[in-house]
Amino acid sequence: MAARSTYVVGLLLIVFTLADSIRNGHGRLLPRGNFINVLAGLWFFSALFAYIAVKVVHGLDGVWRYVRASTNSDALPEPAADFPPDPGRRYFFKTATAAAGAAPFITAMYGFAAERLNYQVHRVEIPVSNLPAALDGLKITQLSDIHLSGYMPRSQVRRAVDMANELGGDVAVVTGDFITSIGDPLEDCVDEVRRLVAPLGVYGCNGNHEVYAEAEDRAQFLFAQAGMKLLRQESTLINFRGAPINLIGVDYQRERTPGGRRLTLLAGLEPLVRKDMPNILLSHNPNSFNRAAELGIELSLAGHTHGGQVQVEILDHRLSPARFISDYIAGLYMRPLFTPARTVASQKFLHASTLNGPHAAIYVNRGLGTVGAPVRLGVPPEISLLILRCA
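Residues numbered from 1 in each chain as written. Predicted model: local features only at pLDDT ≥ 70, side-chain atom pairs only at ≥ 80, totals over all residues. Heavy atoms only, no water.

Caption draft 1: View of the overall build of the protein chain. Counting its secondary structure elements, the protein chain contains 8 helices and 15 strands. The buried share among the 391 residues of the protein chain stands at 48%. The contacts of the protein chain with a sequence gap of at least 6 include a subset with a gap of at least 24, amounting to 73%. Put simply, the protein chain shows about 19,300 Å² of open surface, and 60% of that area lies on carbon and sulfur atoms. (Helix = DSSP H or I, 4+ residues; strand = E, 2+ residues; numbered from the N terminus. Buried < 20%, exposed > 50% of the residue type's maximum accessible area, 1.4 Å probe, protein only. Contact = heavy atoms within 4.5 Å. Areas by Shrake-Rupley, 256 points an atom, 1.4 Å probe, with all protein chains shown as cover.)

Caption draft 2: Examining a nonpolar patch on the surface more closely. On the surface, Tyr51, Ile52, Val56 and Leu60 cluster together to form a nonpolar patch covering roughly 410 Å² of accessible area. By the secondary structure assignment, Tyr51 is in helix H2 (residues 35-75). Looking at Tyr51, the relative accessible area reads 53%, which means it is exposed. (Patch = residues over 30% accessible without salt bridge, like charges linked within 9 Å, V, L, I, M, F, W, Y side chains within 5 Å. Salt bridge = Lys/Arg side-chain N within 4 Å of Asp/Glu carboxyl O.)

Caption draft 3: Representation of the nonpolar core. By size, the foremost hydrophobic cluster in this structure holds 33 residues, and its most contacted members are Val193 and Leu196. Where this core is concerned, the elements lending two or more residues are helix H4 (154-165), strand E3 (171-175), helix H5 (186-193), helix H7 (216-225) and strand E15 (382-390). Sequence-distant contacts of Leu196, defined by excluding residues within four places in its chain, comprise Leu143, Val161, Ala164, Asn165, Ala172, Val174 and Val202. Among the nonpolar cores identified, the runner-up in size contains 27 residues, and Val124, Ile140, Tyr203 and Leu282 belong to it. (Core = buried A, V, L, I, M, F, W, Y, C linked by side-chain atoms within 4.5 Å.)

Caption draft 4: Looking closely at the packing of aromatic side chains. For the structure shown, the criterion picks out 3 aromatic pairs. An angle of 80 degrees between the planes, with centres 5.3 Å apart, marks the rings of Phe289 and Tyr328 as edge-to-face. On the criterion of sequence distance, the pair formed by Phe289 in helix H8 (residues 289-295) and Tyr328 in the loop between strand E11 (317-319) and strand E12 (331-336) is long-range, its members being 39 residues apart. With relative accessibility at 1%, the residue Tyr328 sits in the buried group. Where Tyr328 meets Tyr333, the ring centres are 5.2 Å apart and the plane angle is 80 degrees; that geometry is what we call edge-to-face. Of the two residues examined, Tyr328 and Tyr333, each falls in the buried class. Taken together through their ring pairs, the aromatic side chains of Phe289, Tyr328 and Tyr333 make up a single cluster. (Phe/Tyr/Trp six-rings, centres within 6.5 Å; stacked < 30°, edge-to-face > 60°.)

Caption draft 5: Layout of the environment of Pro132. In this structure, Pro132 sits in the loop between strand E1 (120-128) and strand E2 (139-143). Judged by its relative accessible area of 31%, Pro132 falls in the partly exposed class. For Pro132 and Pro244, which are 112 residues apart along the polypeptide, the C-alpha to C-alpha distance reads 9.1 Å. Ignoring any residue separated from it by four or fewer positions in sequence, one finds Pro132 in contact with Pro278 and Cys390.

Caption draft 6: A look at H5. Residues of H5 that are buried include every one of Leu186, Cys189, Val190, Glu192 and Val193, and no others. Down the axis of H5, the buried set is contained in an arc of 160 degrees. They therefore lie on one face. On its buried face, H5 is in contact with H4, E3, strand E4 (202-205) and H7. (Arc of directions from axis to C-beta.)

Caption draft 7: Here's a closer look at unusual backbone geometry. Of note in this structure, Asn130 is not a glycine but carries a positive phi near 65 degrees. Relative to the assigned elements, Asn130 resides in the loop between E1 and E2. A positive phi angle is found at His304, which is not glycine, with a value near 80 degrees. When you line up the elements, His304 lands in the loop between strand E9 (299-302) and strand E10 (312-314). His304 sits in the buried class, given a relative accessible area of 18%.

Right, here's the structure in full:
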């Protein structure tokens, strides 16, 4: 009775925690950072994928039996003949079922313990059209999707900021999702971000989780109080070696209304785009890239996708859940500049010479934190150092 009661109480706590986590933007009933939060996220996603994997194995077993029965019934004159049991098949599928059920739990624990906080530095040189020679070599440090919450302790944000400072960037940017939902400590996150060291300043933009947490205005105030600049449908000039560059920032760009009507991304941004100098756009959602290229913005910096957070490679093809929400998963992409957003397909970066004429580029940061399950697999968290080069 004691063991069963403990099991039932634990199960109810996990179910309640999962239901509480769905209240994204409506406050939380349970305190952040407790063991139950972590356990619930790991258990739910592991159990979900374990259930799917076991059902797939059972389906394959059913197909095997159907094909075997059909083959034997064609070969025998008596259709009602009984077939002897096949212990090899039964043992194989029994073992496969156990492995399929256990694999997601083992994988989730690995992704939680090993890859979730395995910060990786990505140094990327980006060829930028219309870049003056004086701006060649400008270094931008980028952080994104911090998601300071129960899954991302403040000490780990501090470690990421320290690693970013070691890169010696001229400018530092943070492209949204400082927290996950209402109740998360936005003040603590901004207090750690303010430790970024960059001679030309620290800038940022809001992400979709600032919208959910109703924290867009609060984030802007905290940034200003800390001596940084959160850009919201506005621009600022940065001077490097005597040459200016136009830095634009926008809030999270919704693609559709709650009713499903498609929205124009970056609406009303035209007056902020300069034609006499290069433009850099901070936009959390990488899906704004096509519209940014149409407006003549040479470089966009984004996050949002987490690189899919879980990525599997099968037959030289990388499968990522982020493909359901964006064509721009992680890394560097390019497309022609000043071309209609809906008529020109995006192009994965190969070399600047693959595009005729001026081009627009976007770099999608894989982010630091997690959403949903506190797990990363094949997509370690990223700290970027982007070096601008004359195209």
